[in-house]
Every structure is written in structure tokens, then in C-alpha cells.
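Given next are the chains, with one letter for each unit.
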Amino acid sequence: HRVAAAVERVLLSGIALLSPCHLQRIFKKAVGLTPKEYLLRLRVKMTMQLLKQGLTLSEIVSLTGFTDKSHLTRTFKQITGLTPKSYAEQMNDQ
């Protein structure tokens, strides 16, 4: 959740000086992702760390800013190619 808040603060401060569309273009050119894509990838990375620690999906949802477990699972699979459960199982096998 802290990561999301930090990114949002940066974006809001930029919006004060640039239009949202211009800021998004500049961000994508610099980072290679839109602000939304960047934020989702940060949330997935945090989810991976929390899964390694053994947290439940419900706990992870509240810590990472996903809307619900379905949103977390769908986004996680889109980015990693695995469901959170499959990822956690792979981590336990290692």
C-alpha cells in the first residue's frame, strides 16, 4: 500500500505542472510502461514477496491495494503467467 501511495503522490505532483495525458506520455517514454501498468507490476512484485512469507490472498489484497482476490489473481496471472496459488506452490517446492 505504501508503494501505491508513493506513486500516486508523484503522479499528483506532476499533474499540477502537466496535463494528465502529457504526464502519462512522458512517464511511458521514461519507464516503458504507463503509470497504471507500472503500479500493477509493483503490486504483483509485492504480492510475490508476501506469498513467499506465507500470507493469505485476503491479507495480500488489503496490503497491496488490489480491489479483491479476483482482481489480484487476474492481474497476477496476466503479468506472471501463473496464478498466485501456482506461484506459492512453486516457491514451496524449492
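My aim in this report is to walk through the structure given alongside it, one point at a time. (Residues numbered from 1 in each chain as written. Predicted model: local features only at pLDDT ≥ 70, side-chain atom pairs only at ≥ 80, totals over all residues. Heavy atoms only, no water.)

A few words now on the overall build of the protein. The number of helices and strands found in the protein is six helices and zero strands. By the burial criterion, 30% of the 94 residues in the protein qualify as buried. (Helix = DSSP H or I, 4+ residues; strand = E, 2+ residues; numbered from the N terminus. Buried < 20%, exposed > 50% of the residue type's maximum accessible area, 1.4 Å probe, protein only.)

Along the chain, Arg 25 falls in helix α2 (residues 20-31). Sequence separation between Arg 25 and Pro 35 is ten residues, and the spatial gap between their C-alpha atoms is 9.5 Å.

Another point: helix α3 (residues 35-52). For α3, spanning 18 residues, the distance from its first C-alpha to its last is 26 Å, which sits close to the expected 26 Å at 1.5 Å a residue. For α3, the complete set of buried residues consists of Pro 35, Leu 39, Leu 40, Arg 43, Val 44, Met 46, Thr 47, Leu 50 and Leu 51. Phi for Gly 54, located one or two positions after α3, is positive at around 90°. (Expected span 1.5 Å × (residues − 1).)

Another aspect to go through is the nonpolar core. By size, the foremost hydrophobic cluster in this structure holds twelve residues: Leu 40, Val 44, Met 46, Leu 50, Leu 51, Ile 60, Val 61, Phe 66, Leu 72, Phe 76, Tyr 87 and Ala 88. Among the elements of the structure, α3, α4 (57-64), α5 (69-80) and α6 (84-93) are those that each provide at least two residues to this core. Of the residues forming this core, the biggest block, five residues, is contributed by α3. Residues in contact with Leu 72, not counting those within four places in the same chain, are Thr 47, Leu 57, Ile 60, Val 61, Thr 64, Phe 66 and Pro 84. (Core = buried A, V, L, I, M, F, W, Y, C linked by side-chain atoms within 4.5 Å. Contact = heavy atoms within 4.5 Å.)

The full count for this structure, using the stated rule, is one aromatic pair. Ring geometry for Phe 76 and Tyr 87: centres 5.6 Å apart, planes at 65°, overall edge-to-face. One end of the pair, Phe 76, is in helix α5; the other, Tyr 87, is in helix α6, with eleven residues separating them in the sequence. In this structure Tyr 87 comes out as buried when scored by relative accessible area, which is 7%. (Phe/Tyr/Trp six-rings, centres within 6.5 Å; stacked < 30°, edge-to-face > 60°.)

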